[in-house]
Amino acid sequence: MKRNVIYIYVIIALCLLACSTIGIPNTYGLFYQPLSNILNVGKASATLHVSIAGLATGFFSPLIVKALKKVSYQTIMISGIAMLCISGYVIATTQNLLMVNIMGVFRGIGLACTSGVIITILTGNWFLARRGTISGLIMSFSGIMGSLFSPVVSTMLENYGFKNAYLICMVIMLVLALPSVFIPLRPEDIRMEAYGHDRQDIQTKDSYYGYFELSFTGKVFLTLMSTSFLVICVTTLTSYLPSYVESLNQSAQNGAALLSASMIGNVLFKFLIGLCIDRKGVFFSFVTFMSISFIGLIIITFIPQNTGLLMMAGVLYGACYAVNKVAVPLTVRIFFGDKKYGEAYSVLSLSENIARSAIITSIGFIYDQSGSYLICFLIALFASLASSALMIYQHRKLGKE
């Protein structure tokens, strides 16, 4: 009974950590304009620290994974939380743009110590069975938090101002992240076994022992990186959905509603893909949920005039998040095994962060040059099909192994 309580505690703590370091940061865009006003600079300058933080997270993630071999997990977590708190306090109180950008580095390192890579490592270490379901459940909480917390942040900004609202968010992040500090990195550290180690009847459909040697210049890893890049091409459109709708001469309310619909799909499909992975496998689930997202994207691109249909399409489009946050990490585990997962996924995460920054800039450039988002959506549709094709190719290659 005691062991089951510990497993449940680990799940709850990881759900809260996902809320803290993925969900709350998803609302960060609400601070852009107030920060721009306080610093008396343009929005591009005010948001530069966000790009800096993203790159810092990507570059430091592989280093954090290596550090786990020599430094205790608790030390890394506490250091990461401390960096988030320090950067949060300085950004909330300073009026110096240079200091804000420097704090972007601190913020990025803090997220590298506490966010996606760490969450997936802990999930894999603690759960052998039901990995898909548990991974989907944990990641769905980041979407739930992002959806529910946005109006809360808006209200706090209106009632308390930028400084107090920002500091309150940092305190909430701290409180939600603290329970995860007490999770051992591995169940063996407290003389336990991973959940499902002795229950072959509930093992997931896929094997996570690793089929390939890890080589960052090898064909397998580069193909997987290409697949991940194509998925990022689809998910990165999200931040432009409101602007896309307004470019079609529809109301800003419709644009915001489409974004909210995609967030609903984000939560729903992350949980559903977990269930599907445990029953049908990662490869089947990847292609299925990418196809769902493709259908939604087709409607958004070519039939955006019907508001009801557009909202439904937004929900379907949200399935791409499930592929990115649940299916891709589990594919890395299948290919390279649990022992090499952290090293492999941290490098893949670095490439994703760089790709995301480049794609966001490219979308803005394409729109400036063409006056339309159509080309961007067509590229995303192609990327959706191409990523599924690459996954099918990799599945066949795995079958030969």
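Preceding this section is the structure that the text describes.
What you are looking at is a predicted structure, and each value in this text was computed from that prediction instead of being measured.

1. Focus: helix 9 (residues 219-235)
For helix 9, built from 17 residues, the straight-helix expectation of 24 Å at 1.5 Å per residue is met to within 8% by its first-to-last C-alpha distance of 24 Å. Burial within helix 9 is extensive, with 12 of its 17 residues counted as buried. Of the positions making up helix 9, those classed as buried are Val220, Phe221, Thr223, Leu224, Thr227, Ser228, Leu230, Val231, Ile232, Cys233, Val234 and Thr235.

2. With respect to the layout of surface pockets
If you add up the space inside the second largest pocket, you get close to 420 Å³. In terms of lining residues, the second largest pocket is bounded by 16 residues, among which Ile121, Asn125, Arg186, Asp338 and Lys339 are the most central. For the lining of the second largest pocket, the element with the highest residue contribution is helix 14 (residues 319-370), accounting for 7 residues. Residues that form the lining of the second largest pocket fall into these classes: 6 nonpolar, 2 polar and 8 charged.

3. Points about the packing of helix 5 (residues 73-93) against helix 8 (residues 131-181)
With their axes 9 Å apart at the nearest point, helix 5 and helix 8 run at an angle of 175 degrees to one another. It follows that helix 5 is roughly antiparallel to helix 8 by the angle criterion. Here Tyr73, Gln74, Met77, Ile78, Ile81, Leu84, Cys85, Gly88, Tyr89, Ile91, Ala92 and Thr93 of helix 5 come into contact with helix 8, specifically with Phe162, Lys163, Tyr166, Leu167, Met170, Met173, Leu174, Ala177, Ser180 and Val181. Its residues placed into classes, the contact of helix 5 with helix 8 shows 17 nonpolar, 4 polar and 1 charged.

4. Here we look at empty space enclosed by the protein
The full count for this structure, using the stated rule, is 4 cavities of 30 Å³ or more. Its boundaries defined by the atoms lining it, the largest cavity holds a volume of some 120 Å³. Lining the largest cavity are 14 residues, and of these Thr120, Thr123, Ser135, Pro329 and Leu330 lie nearest its centre. For the lining of the largest cavity, the elements supplying multiple residues, two or more each, are helix 7 (116-126), helix 8 and helix 14. At 6 residues, helix 14 tops the list of elements feeding residues into the lining of the largest cavity. Grouping the constituent residues of the lining of the largest cavity by class yields 7 nonpolar, 4 polar and 3 charged. A volume near 70 Å³ is recorded for the second largest cavity.

5. Digging into the side chain of asparagine 101
Of note, asparagine 101 is situated in helix 6 (residues 97-114). When its relative accessible area of 13% is taken as the criterion, asparagine 101 is described as buried. There is a polar contact of 3.4 Å between the side chain of asparagine 101 and the backbone nitrogen of histidine 49. Sequence-distant contacts of asparagine 101, that is, excluding residues within four places in its chain, are made with Ser45, Leu48, His49 and Ile52.

6. Examining the nonpolar core
Core analysis: the biggest nonpolar cluster contains 97 residues, and Tyr317, Phe335 and Phe336 have the highest contact counts within it. Of all the elements, helix 14 adds the most residues to this core, at 21 residues. Non-local contacts of phenylalanine 335, meaning those with residues more than four positions away in its chain, are made with Gly210, Tyr211, Phe212, Val220, Leu224, Phe283, Gln394 and Leu398. Of all hydrophobic cores here, the second largest spans 25 residues; its members include Leu39, Leu84, Ala92 and Met170.

7. Section: the pattern of salt bridges
Counting across every chain of the model gives 3 salt bridges. Here arginine 333 ties to aspartate 338 by a salt bridge, and the two come within 2.8 Å at their closest N and O atoms. The closest approach of N and O atoms between glutamate 343 and lysine 340, which form a salt bridge, is 3.7 Å. Taken together, the residues glutamate 343 and lysine 340, both in helix 14 and 3 residues apart, mark about one turn of the helix. Judged by its relative accessible area of 25%, glutamate 343 is partly exposed. Within this structure, Arg131, Arg333 and Asp338 form a network of salt bridges that share partners.

8. Concerning the state of the cysteines
By definition, a disulfide links the sulfur atoms of two cysteine residues through a covalent bond. One pass over the full model with this rule turns up 0 disulfides. Note on cysteine 15: no disulfide assigned, nearest cysteine sulfur contributed by cysteine 19 at a separation of 7.0 Å. Note on cysteine 376: no disulfide assigned, nearest cysteine sulfur contributed by cysteine 233 at a separation of 10 Å. A relative accessible area of 6% means that cysteine 376 is categorised as buried.

9. Brief notes about unusual backbone geometry
For arginine 191, which is not glycine, the phi torsion reads 60 degrees and is therefore positive. Looking at where arginine 191 falls in the secondary structure, it is placed in the loop between helix 8 and helix 9. The class for arginine 191 is exposed, based on a relative accessible area of 79%. Unlike most non-glycine residues, asparagine 249 shows phi in positive territory, near 65 degrees. Within the element layout of this structure, asparagine 249 appears in the loop between helix 10 (241-247) and helix 11 (252-280). The exposure class assigned to asparagine 249 is exposed, which follows from its relative accessible area of 75%.

The rules behind each value
- Residues numbered from 1 in each chain as written.
- Predicted model: local features only at pLDDT ≥ 70, side-chain atom pairs only at ≥ 80, totals over all residues.
- Heavy atoms only, no water.
- Helix = DSSP H or I, 4+ residues; strand = E, 2+ residues; numbered from the N terminus.
- Expected span 1.5 Å × (residues − 1).
- Buried < 20%, exposed > 50% of the residue type's maximum accessible area, 1.4 Å probe, protein only.
- 1 Å grid on protein atoms, 1.4 Å probe; cavity = no way out; pocket = protein on both sides within 12 Å on 5 of 7 lines; lining within 4 Å.
- Points joined across faces, edges and corners; volume = space filled by probe spheres on them.
- Nonpolar A, V, L, I, M, F, W, Y, C, P; charged D, E, K, R; others polar.
- Axes fitted to C-alpha atoms, helices over the stretch in contact; angles between N-to-C directions.
- Parallel < 35°, antiparallel > 145°, perpendicular 65-115°, else oblique.
- Contact = heavy atoms within 4.5 Å.
- Polar contact = N/O pair within 3.5 Å; in protein donor to acceptor, adjacent residues only side chain to side chain.
- Core = buried A, V, L, I, M, F, W, Y, C linked by side-chain atoms within 4.5 Å.
- Salt bridge = Lys/Arg side-chain N within 4 Å of Asp/Glu carboxyl O.
- Disulfide = S-S within 2.5 Å.

Function cannot be inferred from these measures alone, as they are strictly geometric.
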